[in-house]
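Observations on the three-dimensional arrangement
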Amino acid sequence: MEQGVYDLLDTVASKCRSMTTPEKIELGRRIRKLPETALDHMVEVVKMRRPEILVSDKVSFSLGRLDDTTLWRLYYYVETALKAKQDRTVTPP
């Protein structure tokens, strides 16, 4: 079932328009705000789409070299992770 969800997300992301350079820059800024625990899943998103990029223990990639489907998958994941982080830091009344 999990693979079906990932396939659906890829299909949706592939229908998105090309990500602009300013959007890529903003995505990079938002990635730097992610908690360390969220970075592992972000790396998994890239590995699923572009396994050849991450062949060593060191994780490094350029957003400019990723295809638009991967960029939009990252965008939606990062937005979700940051919202969850924000929701955890807000204390209920």
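A few points on the structure.

What counts as what
Residues numbered from 1 in each chain as written. Predicted model: local features only at pLDDT ≥ 70, side-chain atom pairs only at ≥ 80, totals over all residues. Heavy atoms only, no water. Helix = DSSP H or I, 4+ residues; strand = E, 2+ residues; numbered from the N terminus. Expected span 1.5 Å × (residues − 1). Contact = heavy atoms within 4.5 Å. Phe/Tyr/Trp six-rings, centres within 6.5 Å; stacked < 30°, edge-to-face > 60°. Buried < 20%, exposed > 50% of the residue type's maximum accessible area, 1.4 Å probe, protein only.

Here we come to helix H3 (residues 36-49). Turn by turn, an α-helix covers 3.6 residues, leaving residues three or four places apart pointing in a common direction. The terminal C-alpha atoms of H3, which comprises 14 residues, lie 21 Å apart, in line with the 20 Å expected from a rise of 1.5 Å per residue. Against the buried residues of H3 lie helix H2 (21-32) and helix H4 (68-89).

Let us now look at the packing of aromatic side chains. The way to describe two aromatic rings as a pair is by their centre distance and the angle between their planes. For the structure on display, the rule yields three aromatic pairs. Taking the centre distance of 6.1 Å and the plane angle of 35° together, the rings of Trp 72 and Tyr 76 count as tilted. Note that Trp 72 and Tyr 76 are positioned in helix H4 at a spacing of four residues, about one turn of the helix. Since its relative accessible area comes to 6%, Trp 72 is described here as buried. The exposure class of Tyr 76 is partly exposed, given its relative accessible area of 43%. In this structure an aromatic cluster arises from ring pairing among Trp 72, Tyr 75 and Tyr 76.

Remember that the coordinates give geometry; whether it matters functionally is a separate question.
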